[in-house]
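Examining the three-dimensional arrangement
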Amino acid sequence: MLERVRVNLLGLPLNLEVYAGVLGVLGVGGYRDESLGLAGAVDYGPGHYTCYQFPYDWRRDIAESAASLQAFLEEKALVVESAYAAQGIELSRPLKFDVVTHSMGGLVARNFLMYGSQPLPEDGSLPELTWDGAEWVERLILVGTPNGGSALAVRNLLDGFSLGPLQIQYPPALLGTYPSAYQLLPRNHHGAARWADSNEPVDNLFDPQLWADQGWGLMAESQDRYLADYWSDLGDRDARRARAGRLQARLLRRAEQFHRAMDRPAPTPHGLEIFAVIGDKILTPSAFSIDRETGRVRVSDAEFGDGTVLRSSVLNDQRTDQGWTPHLQSPIEFAGVLFLPESHGGLTRSAIFSDNLLYWLLEDPRHGLRARP
């Protein structure tokens, strides 16, 4: 996990706090971060077993990362149980974890809760909704998680991404090979993608033919030089573009399948509680228009969020302008929600977040432990 980012801008060193604040808050609450202890940054003494960072490759398929989370929790559960046994403590109930996530990490955790280690079926169908992961988790805290996708994912896939003018550039052809990049796209039913000449919504943002016709992502002619690097075994440009088209089509179909799996309405099983921390102050891109002739995309509308993820996306609000109701319609059952006037990265650095995080973890009554009525 990125605790800090140190960069040199025009000769001036910059030290940007990323997740160091979260680790510090957890430390105040008595959660001793494993990596800091192992690195020798903090001497926690012997017997650390209270806090673990889950490393996953954010470029990969989110369902694949979720399967890795199960193996990780199984491994750490043995460590915790051994630590208790060494102290002569007998567990009165099955061991469970509290999981704190930010951004995409929340999607990894939710997929794990709903489907355990199941992969997305290759035939395009949905995995069986088992809630296997709920056997391992008591509380899940989602911070700025794009449960309904993000319009900025479209811009990144079409235009590329960079942290700054002097930082590493991620061209569309590189991001276009990441399965997770497509899984962050907004849902079709919200009409985020619209034609510029008519303002009519695009029928299906996940249609591979649309991306090929508009010359988007891997199919943009400007990306041919990168394809030549990626697939140097193919000496023919047309052969490289054909391979890129097949890859992009597969990842688009898989992303749409992932969305269907995540948007299934299903009651949260007894013993599991889900909380959310949401930015609700910054105007955030919510829709974009497409020029039919050039394929160019521009942001055409904005709503409140954290600058990256909309308020409605974290809530996975299923309401539309045509079917709006006064009450939230979401496939996710939230036990609690906290709204903050912060940016996507600033959510975890807020003192209000710190107070509420420790309350949810250490003081808030565990309703899941109460006897079922």
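Residues numbered from 1 in each chain as written. Predicted model: local features only at pLDDT ≥ 70, side-chain atom pairs only at ≥ 80, totals over all residues. Heavy atoms only, no water.

Description of unusual backbone geometry
- A positive phi is found at S103, a non-glycine position, where the angle reads about 60°.
- Note on S103: relative accessible area 18%, which makes it buried.
- Phi is positive for W131, close to 55°, though the residue is something other than glycine.
- For W131, the location among the structural elements is in the loop between α4 (104-115) and β4 (137-143).
- Residue classification places W131 among the buried positions, given a relative accessible area of 16%. (Buried < 20%, exposed > 50% of the residue type's maximum accessible area, 1.4 Å probe, protein only. Helix = DSSP H or I, 4+ residues; strand = E, 2+ residues; numbered from the N terminus.)

Details of the sheet that holds strand β7 (residues 193-195)
- The strand order β7-β9-β10 describes an open sheet built from 3 strands, whose pairing is mixed. Two strands bound the open sheet, and with one partner strand each, they are β7 and β10 (297-305). Across the sheet, the mean angle from the axis of one strand to that of its neighbour is 35°, orientation sign disregarded.
- Pairing geometry for strand β9 (residues 282-290) and β10, over 8 bridges, is antiparallel. Paired with I290 across the bridge in β10 is V297. (Pairing = 2+ DSSP bridges. Axes fitted to C-alpha atoms, helices over the stretch in contact; angles between N-to-C directions.)

With respect to the sheet that holds strand β3 (residues 97-102)
- Here 4 strands make up an open sheet; going across it, the order is β3-β4-β8-β11 and the pairing parallel. Two strands in the sheet have a free side with no partner beyond their single neighbour: β3 and β11 (336-340). With direction set aside, neighbouring strand axes in the sheet form an average angle of 10°.
- Here β4 runs beside strand β8 (residues 273-279); their pairing, made up of 5 bridges, is parallel. In the strand pairing of β8, L142 is matched with A276.
- Against the sheet, helix α12 (residues 351-362) contacts β3, β4, β8 and β11, and its axis sits at roughly 170° relative to β11. (Contact = heavy atoms within 4.5 Å.)

Details of the pairing of β9
- Burial analysis of β9 places 7 of its 9 residues in the buried class, the great majority of the element.
- Here β7 pairs with β9 via 3 bridges, running parallel. Pairing of W195 across the sheet is with I290, part of β9.
- Where β9 hands over to β10, the hairpin turn is made up of 6 residues, of which G295 adopts a positive phi near 80°.

Side note on the nonpolar core
- Ranked by size, the top nonpolar core spans 68 residues in total, and within it L73, V137, L157, Y182, L185, W211 and F288 carry the most contacts.
- It is helix α3 (residues 62-86) that contributes the most residues to this core, 9 residues altogether.
- With sequence-adjacent residues up to four places away left out, V137 is seen in contact with L73, K96, F97, V99, F112, L113, G271 and L272.
- Counting residues in hydrophobic clusters, the runner-up holds 16 residues, among them V25, F275, V277 and L358. (Core = buried A, V, L, I, M, F, W, Y, C linked by side-chain atoms within 4.5 Å.)

Considerations on the side chain of R319
- Checked against the element boundaries, R319 lands in the loop between α11 (311-315) and β11.
- Taking the relative accessible area as the measure of exposure, R319 reaches 13% and is therefore buried.
- At 2.7 Å, the side chain of R319 forms a polar contact with the side chain of D317.
- At a separation of 2.6 Å, a polar atom in the side chain of R319 contacts the main-chain carbonyl oxygen of T325.
- Residues within four places of R319 in sequence aside, it is in contact with H190, W324, T325, P326, H327, L328 and Q329. (Polar contact = N/O pair within 3.5 Å; in protein donor to acceptor, adjacent residues only side chain to side chain.)

Looking at the environment of G346
- Structurally, G346 can be placed in the loop between β11 and α12.
- Along the sequence, G346 and G279 sit 67 residues apart, while their C-alpha atoms lie 9.0 Å from each other.

From the geometry alone we can't say anything about function, so treat these as descriptive.
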